[in-house]
Amino acid sequence: MDEWTLTYAGYDPDDEGLREALCTLGNGVLGSRGAAPECRADDVHYPGTYRAGVFNRLTDEVDGVEISNESMVNLPNWLVLQFRVDDGPWFTPDEADLTEYRIELDLRRGVLTRHLRAEVASGEQLSVTQRRFVHIVDPQLAALETTFGAHGLSGRLTVRSAIDTAVRNSGVRRYRDLSDRHLDILTAEEVDDRTVGVVAETSESHVRIAQAVRTRVFGPSAPDEDDLVRRWFDDDGLVGHELEFDLDDGGSVTVEKVAAIVVCGDPAISEPYVSAVRKVAQVPDFDVLLRSHVSKWDQLWDRFEVRFGEREGIERILNLHTFHALQTTSHNTIDRDVGVPARGLHGEAYRGHIFWDEVFILPYLNMRMPVVTRSLLLYRYRRLGEARARARRAGHDGAIFPWQSGSDGREESQEMHLNPVSGEWKPDNSQLQRHINLAIAYNVWQYVETTADLDFLRYYGLELLVEIARFFASMAEYDRLEDRYHIRGVMGPDEFHDGYPDRDDPGLDDNAYTNVMVVWMLQRIFELLELLPEHARHDASGELDLTRSELDRWEDLTRRLYVPFHDDWIISQFAGYGDLAEFDWDGYRERYDDIQRLDRILHAEGDTPNRYKVAKQADVVMLFYLLSAEELHRIMRSLGYAWTPDRIPDTIEYYRARTSHGSTLSAVVYAWLLTRSDRAGSWELFEYALKSDIADIQGGTTHEGIHLGAMTGTLDLVQRGYTGLAVEENELHFDPALPVEVPRLDLLLYYRGHHLRLALDQTYLRVSAPPSDLPPVTIACDGQRGVLRAGETLSFDLGSADAE
C-alpha cells in the first residue's frame, strides 16, 4: 500500500457494506457503489447507482400520521456480471472456495480493481480480475472489464451481462418499514446482440432514466464469433445477454461492459433512450476510455493534492477524502441544478438530502475550484421562491430554506423519526434548525470575499442574503423592558435539544449561535452593499425593495439582539441553558458501550436530553470555528456586551466536556478550535476525525453513505486551520499553526486566477505564483506583508518580521 491506494485483502462479509461505500466511484453527477458485480441486494451486498438531483417522493402512514419522504433514487444496476463454470453454481464470494481475494482502489487514477481466485474442483481454479471506473470526463459513462483465467481448469464458462431492473431503495435498515419502490420500468429490451437497453421512470416525479449497456468479448483465448453463444434473457428483473464459451487451462478471456446512463434534462440530448443507445454504440472501448479518464484525474490531482510531510497513512486518508469530495462535487457539477448531498452519491442515508454540511465543504472548494462553489450556491438561489413561500406560510417575511432539501426546495425533514434503540416513532422537530439559512449566508460571503465575484453578488448573492435577513428580522421580537430583541422557537446545531422540559411546544429561545450569526450576517450585508458600484447598488436596492427603514431596523438588531450568558461570561447555548441539570457522563459510559447518540438512549429510557447540559455536537463553539476572535469581539461590543476573547478557551472546554460527539462533524470543529491552545488534543481529534469513515467510528453508518462534511472538514482543517488562511480585505492572510507531528505541508491554492503553491514547515512559509499576466496579490503572514507577483516567490520567516 501507498498513499494512493486503499487495499482490502481477503473477503469479509461483515465489512462488505463499508467497503462498498468507501470504494464508490463517481464523477460529480453519477455515483456507483463498489459492490460485487455478481451480487444482488441482500443482507451483505448492496449495489447502488445514484444520479445527482434525481429524487422521488413516496407516502406512508405511521401511527395514523401520513408522512411523505423524498429520496435520491437507486437507479437500475448497470453493473451486473454473473458467471459459473459448466453446470456449477453461479459464483458468489459468500459461497465460493476462495484462495485469493483482494480489492484495490487506485485514488490517483479513479479505478477500482478486484482480483480473486476460486477453487472450482480439486486442482482446478478460476481467476477473475476486474477493473471499473465511472468516467470523470463524460459523466454519462461507466465501464467494467472482467478477465477470466483458467488454472488447471478446462470447461465451459457462462457469463451473464445484465441490468437489474428490480432495484429498490432498501440500503438503510431503519427505512425498511417504509415504501421503497421508486421506479416503473417502461422498456427492457435487446437493442442488438451486444446491447441491452432499459428505460425507467420515477413514480411521482416522472424523471425518465435510460441505460444502454454494450458487452464485448475478447482476449488471447476468446472464441470466434461462431463459437460464442449469445442468448437474450429476462429473469426476475435481470435483463441482458447470457454468453457461453470454452475456457481451456492457461487461457484467459475478457468480458467488457460499457454503460451509458442518460437522464431527461441532461444537456445536449434529444430523448434519453435514443441518446443512451447512440452513445454506447459510438464510444470507444474500455482502454481508450480509461486513458482519458486517468488523464483528467491527473489534472484534478494537480489542483487538489495535499502533501502532508512523510505521514503516508494520513496522506492516504486525506487523498481518500479528496477523492470522495471530487466524486460528489467536481467540474461536472458546474451549471447543473444539484446541491451537495451530506452522504455523497455513496448511499441512501439521509435520503440523499442537502443539509448545512456545505458550510464545511464550500469554503474548502473556494480555494481549489471556486466555480463549483458558485454552481452549488445557485442550487440554493433557484429554490428561493419556495423558501419565500414557506416564510409566508409561517407568517414571516423573507425566505426560510429547509433543513433538508431535495428536488424543489421544500422542507424534506421527516415529521416522524424512528429511534432504533427503542423501536418507537417520535416527532422530528429538526426543521426548526433555522441556522441552515445562516450557513447559506456564510457561504455566500466566503465565496464573494474569496473570489471578488461582483456579478454573482449583484445578481444572486445579495438577494439570498437580503431574504434570509428579512426572515430573521421578522422573527425577532422586541422586549421594551429589556431593550433587547429575541429570536424564539428555533433549534441550534446541537440537535439533542429541541425544546424545554416544562413546555409542550418545541423550539428554544435565543440560541446563541443563531443570534450571533444573524448579527454577523447583517453587518456583512452592509459591507457588501458598499462593495458594489454605486449604480449596481442602486439597481439592486430597487429590485429588492430595500428601504431606509428596513436597513435601520437591521442596524438596530446589530445593537440589541440578545445573547445569553452564564457562569462568568460563558456563552449559553440558549436562554435557560444554565438552569439545566448536569449529566452523569461517567455513569452512562459505564452502562453503555457507546453514548454518541445519547438522545436515543435517553428517549428509550423515557427521559429526554432537554433536561440536561448535553450536546450531540459543536453548537456555541461553532462561532469560534466560523468567526475569528476579533470578529466575534466586534459583534459583542456592538451588542453592548463586555465579553472578551479571553473567555474562548474556557468556553471551548466547558462545552467539550458536555458533548457526546454524536456527529462526525464535531471532532473536526474541536480539532480546529484547539490548534493553538492544545496542540496535542487537536492532533488527537484530527486523527479521530480522519477515522470517521475509514474505520466507521459510528458503528455501522458509513455503509449507508460517507460523511462528506467530516471528510471535507478534515481537508479544510489542513488547508485553512493549520495554515491560518483567511481572505480579508483583498489580502491572503496566514497565521500558521502546523502540528509538530507534521514536518512539512505542501498544497496548491487557487486565488483570483493564480495557482499559488504553498510550502509550510515549522520555520518558513513560502508562496509561489506561476508566470502569468495576472495582477499581483498581497500576502500577509505573522505580522509580515509582501506583494506576490506572477513568476515570483514570497518567503516568510515564522520567527522574524520581514518577508523576503
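What counts, and at which threshold
- Residues numbered from 1 in each chain as written.
- Predicted model: local features only at pLDDT ≥ 70, side-chain atom pairs only at ≥ 80, totals over all residues.
- Heavy atoms only, no water.
- Salt bridge = Lys/Arg side-chain N within 4 Å of Asp/Glu carboxyl O.
- Helix = DSSP H or I, 4+ residues; strand = E, 2+ residues; numbered from the N terminus.
- Buried < 20%, exposed > 50% of the residue type's maximum accessible area, 1.4 Å probe, protein only.
- Pairing = 2+ DSSP bridges.
- 1 Å grid on protein atoms, 1.4 Å probe; cavity = no way out; pocket = protein on both sides within 12 Å on 5 of 7 lines; lining within 4 Å.
- Points joined across faces, edges and corners; volume = space filled by probe spheres on them.
- Nonpolar A, V, L, I, M, F, W, Y, C, P; charged D, E, K, R; others polar.
- Lys, Arg positive; Asp, Glu negative; His and termini not counted.
- Contact = heavy atoms within 4.5 Å.
- Expected span 1.5 Å × (residues − 1).

Draft legend 1. Representation of the pattern of salt bridges within the structure. Summed over the entire model, instances satisfying the criterion amount to 69 salt bridges. Between E477 and R488 there is a salt bridge, with the nearest N and O atoms lying 2.7 Å from each other. Remark: R488 occurs in strand β24 (residues 488–490) and E477 occurs in strand β22 (residues 477–479); sequence separation between them is 11 residues. The class of R488 is partly exposed, set by a relative accessible area of 35%. The salt bridge partner of R744 is D746, with a shortest N-O separation of 2.7 Å. With relative accessibility at 36%, the residue R744 sits in the partly exposed group. Bridged by salt links that share partners, the residues E3, R108, D298, D302, E305, R307 and E315 form one connected network.

Draft legend 2. Seen up close, the environment of A143. Summarising the element assignment, A143 is placed in strand β11 (residues 141–151). Classification of A143 by relative accessible area gives buried; the value is 0%. Put simply, A143 and T215 are 72 residues apart on the chain and 10.0 Å apart in space, counted from C-alpha to C-alpha.

Draft legend 3. Representation of the sheet that holds strand β2 (residues 25–26). Sheet architecture is open: three strands sit in the order β2-β3-β4, paired in antiparallel fashion. Each of the sheet's edge strands pairs with one partner strand only, and the pair in question is β2 and β4 (49–51). In this structure, strand β3 (residues 30–32) lies alongside β4, joined through three bridges in antiparallel fashion. Among the inter-strand pairings, L30 is bridged to a residue of β4, identified as R51.

Draft legend 4. Seen up close, unusual backbone geometry. In the Ramachandran plot, A452 falls in the positive-phi region, its phi being about 60 degrees despite a non-glycine side chain. Its location among the elements puts A452 in the loop between α8 (435–451) and α9 (454–475). By relative accessible area, A452 is classed as partly exposed at 35%. With a phi angle near 65 degrees, N730 is a residue other than glycine that sits in the positive phi range. As for its position among the elements, N730 is in the loop between β28 (726–728) and β29 (731–734). For N730, a relative accessible area of 48% corresponds to the partly exposed category.

Draft legend 5. The arrangement of empty space enclosed by the protein in detail. Within the structure shown, the criterion is met by seven cavities of 30 Å³ or more. Of the volumes computed, that of the largest cavity is approximately 80 Å³. Contributing to the lining of the largest cavity are S71, M72, N169, V172, Y175, L178, S179, D180, H182, E348 and R351. A class-by-class count of the residues in the lining of the largest cavity yields four nonpolar, four polar and three charged. Estimates place the volume of the second largest cavity at around 60 Å³. In this structure, the second largest cavity is lined by A52, G53, F55, M72, V338, G339, P341, G352, I354 and Y379. Looking at the lining of the second largest cavity, its residues break down into seven nonpolar, three polar and no charged.

Draft legend 6. The side chain of R600, seen in detail. Its location among the elements puts R600 in helix α14 (residues 598–604). Of the side chains with opposite charge, D599 comes closest to the buried, unpaired R600, at an N-O distance of 5.0 Å. Setting aside residues up to four positions removed in sequence, R600 forms contacts with H417, N419, P420 and V421.

Draft legend 7. Looking closely at the pairing of strand β5 (residues 55–62). With respect to burial, β5 is a largely interior element, six of its eight residues being buried. Direction of pairing for β5 relative to strand β6 (residues 65–72): antiparallel, over a ladder of eight bridges. Following the sheet pairing, F55 is matched in β6 by M72. Taken together, β5 and the strand that follows it, β6, pair antiparallel across an intervening segment of two residues, in which D63 is found at a positive phi of about 50 degrees.

Draft legend 8. Expanded view of the side chain of S682. By secondary structure assignment, the location of S682 is in helix α19 (residues 679–694). Residue classification places S682 among the buried residues on the basis of a relative accessible area of 2%. If sequence neighbours within four positions are ignored, S682 has contacts with A671, L674, T675 and Y722.

Draft legend 9. Quick peek at helix α4 (residues 312–328). Across its 17 residues, α4 extends 24 Å between first and last C-alpha, which sits within 8% of the 24 Å expected from 1.5 Å per residue. Judged by how many residues are buried, α4 sits mostly within the fold: 15 of 17 residues are covered.

Worth remembering: the numbers are spatial, not functional.
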